[in-house]
Amino acid sequence: MWKIKVVGLGVVVLSVRLLVLIHRLWTKKVRNEVIFFPSELACVEHIFNPDLPQPCLCPLPHGVETSFSRLLRYILSASSSLDLCVFAFSNMDLCRAVLALHKRKVTIRVLTDKDYTAITGSQIGVLYKAGIRVRNDYGSVYMHHKFAIVDGLQLITGSLNWTLTAVQCNMENVLVTEEPDLVKPFIREFQRLWECNDPLHSYPSALGEPPNMTGH
């Protein structure tokens, strides 16, 4: 009888712990944040190198949290994958963040508009040369999306192109959310566009355009 009581008590304790765990997971706060631009100018070196023994020697303010630094942190939080669908990409710090993820073996796919791949200052070629999978959208209209999906769980979207002008000069907005009902449609849209612009498809050449040399 004593053993039965002990076993029964153990089952109750485990059940309570399980219920507490389920409750915590169920009630976990979903991350939602809105970030507005233009961003205050500040040094972001500490975000890329948090273990630096002393601050960077550049003349910009240090240790300041800005809209841009928050955006960088969200991007650099990727641990397994980053899917990026963006119209224009010329910001060198954002390129540096993507390259840092690539170096950490994060799986990266980049989809961009064909007309903006080779413009002056575009970082798409830099990403491609680093071995990152890049595809151009060959549709008849602009691929004007600006969104990223981090680890298949977090959506970063809004009006912001990944350019220096957008970050420092324009009134822009970025929404960061983990709401599944918002994230999943973007995952589906990215996958649809990615498959439609597979370089193995023959339609770019049929339209008289150069082959998708950046897609692989």
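Coordinates for the structure precede this section.
These numbers were taken from a predicted model, which means no experiment stands behind them. (Residues numbered from 1 in each chain as written. Predicted model: local features only at pLDDT ≥ 70, side-chain atom pairs only at ≥ 80, totals over all residues. Heavy atoms only, no water.)

*Asks:* Which residues make up the sheet that holds strand E7 (residues 172-177), and what values go with them?
*Replies:* If you walk across this open sheet you meet the seven strands as E1-E7-E6-E5-E2-E3-E4, and the pairing is mixed. In the strand order of this sheet, the two ends are held by strand E1 (32-37) and strand E4 (133-137), each with one partner. Neighbour-to-neighbour, the strand axes of the sheet open up by a mean angle of 10°, direction not taken into account. Sheet analysis places strand E2 (residues 81-86) next to strand E5 (residues 146-150), joined by five bridges and oriented antiparallel. Paired with Val86 across the bridge in E5 is Lys146. (Pairing = 2+ DSSP bridges. Helix = DSSP H or I, 4+ residues; strand = E, 2+ residues; numbered from the N terminus. Axes fitted to C-alpha atoms, helices over the stretch in contact; angles between N-to-C directions.)

*Asks:* Describe unusual backbone geometry, and please don't skip the residues or the numbers.
*Replies:* Cis geometry marks the peptide bond from Phe37 to Pro38; its omega dihedral reads 15°. With respect to the helices and strands, Pro38 occurs in the loop between E1 and helix H2 (45-48). One non-glycine residue with positive phi stands out, namely Lys105, at about 70°. Structurally, Lys105 can be placed in the loop between helix H4 (92-103) and strand E3 (107-113). Overall, Lys105 belongs to the exposed group, its relative accessible area being 71%. Unlike most non-glycine residues, Asp151 shows phi in positive territory, near 55°. (Buried < 20%, exposed > 50% of the residue type's maximum accessible area, 1.4 Å probe, protein only.)

*Asks:* I'd love a proper account of the packing of aromatic side chains, names of residues and values included.
*Replies:* Evaluation of the coordinates by the stated rule reveals seven aromatic pairs. With a centroid separation of 4.3 Å and 45° between ring planes, the pair formed by Phe87 and Tyr116 is classed as tilted. Here Phe87 is found in the loop between E2 and H4, whereas its partner Tyr116 is found in the loop between E3 and helix H5 (124-129), with 29 residues between them in sequence. Under the relative-accessibility criterion, Phe87 is labelled buried at 7%. Arranged with centres 5.7 Å apart and planes meeting at 15°, the rings of Phe190 and Trp194 form a pair that is stacked. Taken as a pair, Phe190 and Trp194 lie in helix H7 (residues 180-196) at a separation of four residues, close to a single helical turn. Both residues of the pair, Phe190 and Trp194, count as buried. Following the ring pairs from residue to residue traces out a cluster consisting of Phe147, Phe186, Phe190 and Trp194. Positioned above the aromatic ring of Phe48, the side-chain terminus of Arg96 is 4.1 Å from the ring centre. Lying across the ring of Trp194, Arg109 places its NZ or CZ 5.3 Å from the centre. (Phe/Tyr/Trp six-rings, centres within 6.5 Å; stacked < 30°, edge-to-face > 60°. Lys NZ or Arg CZ within 6 Å of the ring centre and 35° of its normal.)

*Asks:* Lay out the packing of helix H3 (residues 67-76) against H4 with the relevant residues and their values.
*Replies:* At a minimum axis distance of 10 Å, the contact between H3 and H4 shows a crossing angle of 20°. Judged on the interaxial angle alone, H4 and H3 are roughly parallel. As for how H3 packs across H4, the hand of that crossing is right-handed. Contact residues: Phe68, Leu71, Leu72, Ile75 and Leu76 in H3; Asp93, Leu94, Ala97, Ala100 and Leu101 in H4. For the contact of H3 with H4, the class distribution of residues is nine nonpolar, no polar and one charged. (Parallel < 35°, antiparallel > 145°, perpendicular 65-115°, else oblique. Left-handed = near helix turned anticlockwise from the far one by under 90°. Contact = heavy atoms within 4.5 Å. Nonpolar A, V, L, I, M, F, W, Y, C, P; charged D, E, K, R; others polar.)

Just distances and angles here, no functional claims.
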